[in-house]
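Letter by letter, the chains look like this.
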Amino acid sequence: EIASVEDLVAEINAKVELLGQQVASAEAFAMTIEKKEVNQAAGVLACMAQAIVEHPDKAKAKFHAADLRDAAVLLRAAKTFEDATKLFAAVKDAHTGKSAGTAKPDAEWNKLTGLGRMMEEVNGRSAGIRKSLRRLQKPDETARDCTTLAILALAMEVDTHEVKDKAQLPLWKELSVKYRSEMIAMAKAVRAKDTAKANEHFTAANAACSQCHEKIRDKDK
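Residues numbered from 1 in each chain as written. Predicted model: local features only at pLDDT ≥ 70, side-chain atom pairs only at ≥ 80, totals over all residues. Heavy atoms only, no water.

Caption draft 1: Molecular detail of the environment of serine 25. Summarising the element assignment, serine 25 is placed in the loop between helix H1 (5-22) and helix H2 (26-33). Sequence separation between serine 25 and phenylalanine 81 is 56 residues, and the spatial gap between their C-alpha atoms is 7.8 Å. From its side chain, serine 25 meets the backbone nitrogen of alanine 28 in a polar contact 3.0 Å long. (Helix = DSSP H or I, 4+ residues; strand = E, 2+ residues; numbered from the N terminus. Polar contact = N/O pair within 3.5 Å; in protein donor to acceptor, adjacent residues only side chain to side chain.)

As structure tokens, then:
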């Protein structure tokens, strides 16, 4: 309902390529540390892989998605260049279908990525989406940004550790589901090149984010 396996694989390919650049040298890795960019990219990779694990068309992916998910989760925690290169090698093996295929399919979505890094991903992609809507030249790529954010909203929904007032948990879930639904609808509008409708859904998705910030994150500030 959220994304095709083809979209998920395309996003995985892009993130594996990015991670390869980030760990290409000790200097490159050092540049990622302050903003936790390897952690962020690997977290998105883990979420996309788990989405394939749970997808009815998962056989279309030519690799063991659960193995890739587990390798990406381990890479998130890399603190040194040596660890990162070793763990990225496992990611590459899983991505190219060379892994054992022994990972269990079940996974807790709130353990695949961190909320802070997820929000950085959301902010970055949202800025790119906003720019692309001014002149929709690559609708498939923009739609994939939307479906990627919709997948991340699955992890967002169940990562409730920032909700200090438990009475607000239903609101957190409601807004996460609203955001996901709007991004799914936006992806369809983008592919149909209906920029007016796409903008409507984008505005509604961002409104859900603003509500969450106002009523939950910044409530007591």
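Caption draft 2: Seen up close, unusual backbone geometry. Positioned with a positive phi, lysine 36 is a non-glycine residue whose angle comes to about 55°. Inspection of the secondary structure assignment puts lysine 36 in the loop between H2 and helix H3 (37-53). Even without glycine at this site, lysine 193 takes up a positive phi of about 60°. Note that lysine 193 resides in the loop between helix H8 (169-191) and helix H9 (195-217). Residue classification places lysine 193 among the exposed positions, given a relative accessible area of 60%. (Buried < 20%, exposed > 50% of the residue type's maximum accessible area, 1.4 Å probe, protein only.)

Caption draft 3: Spotlight on the nonpolar core. Residues Ile12, Leu75, Tyr179, Met183 and Met186 are the most contacted members of the largest nonpolar core, which totals 69 residues. Contributing elements (two or more residues each) for this core: H1, H3, helix H4 (65-76), helix H5 (81-95), helix H6 (115-134), helix H7 (139-158), H8 and H9. Sorting elements by how many residues they give to this core places H3 first, with twelve residues. (Core = buried A, V, L, I, M, F, W, Y, C linked by side-chain atoms within 4.5 Å.)

Caption draft 4: Structural detail: the packing of H7 against H8. H8 packs onto H7 with a crossing angle of 165° between their chain directions and a minimal axis gap of 8 Å. Considering their axes alone, H7 and H8 lie roughly antiparallel with respect to each other. As H7 runs across H8, the sense of the crossing is left-handed. Of the residues that constitute the contact of H7 with H8, the class distribution is 16 nonpolar, three polar and six charged. (Axes fitted to C-alpha atoms, helices over the stretch in contact; angles between N-to-C directions. Parallel < 35°, antiparallel > 145°, perpendicular 65-115°, else oblique. Left-handed = near helix turned anticlockwise from the far one by under 90°. Nonpolar A, V, L, I, M, F, W, Y, C, P; charged D, E, K, R; others polar.)

Caption draft 5: Structural view of the environment of alanine 107. If you trace the backbone, alanine 107 turns up in the loop between H5 and H6. Residue classification places alanine 107 among the partly exposed residues on the basis of a relative accessible area of 28%. The spatial distance from the C-alpha of alanine 107 to the C-alpha of glutamine 50 is 7.5 Å, given a sequence separation of 57 residues. Discounting chain neighbours no more than four positions away, the residues touching alanine 107 are Gln50, Arg69 and Leu112. (Contact = heavy atoms within 4.5 Å.)

Caption draft 6: Highlighting the layout of surface pockets. In this model, the largest pocket occupies a volume close to 620 Å³. Met119, Trp172, Cys212, His213 and Arg217 are, among the 29 residues lining the largest pocket, the residues nearest its centre. Counting residues per element, the lining of the largest pocket draws most heavily on H9, at eight residues. Partitioned by chemical class, the residues of the lining of the largest pocket number twelve nonpolar, eight polar and nine charged. Looking at the second largest pocket, its volume works out to about 210 Å³. What lines the second largest pocket is Phe29, Thr32, Ile33, Lys36, Glu37, Val38, Asn39, Arg76, Ala77, Ala78 and Lys79. Of all the secondary structure elements, the ones that give two or more residues to the lining of the second largest pocket are H2 and H3. Per-class residue counts for the lining of the second largest pocket are five nonpolar, two polar and four charged. (1 Å grid on protein atoms, 1.4 Å probe; cavity = no way out; pocket = protein on both sides within 12 Å on 5 of 7 lines; lining within 4 Å. Points joined across faces, edges and corners; volume = space filled by probe spheres on them.)

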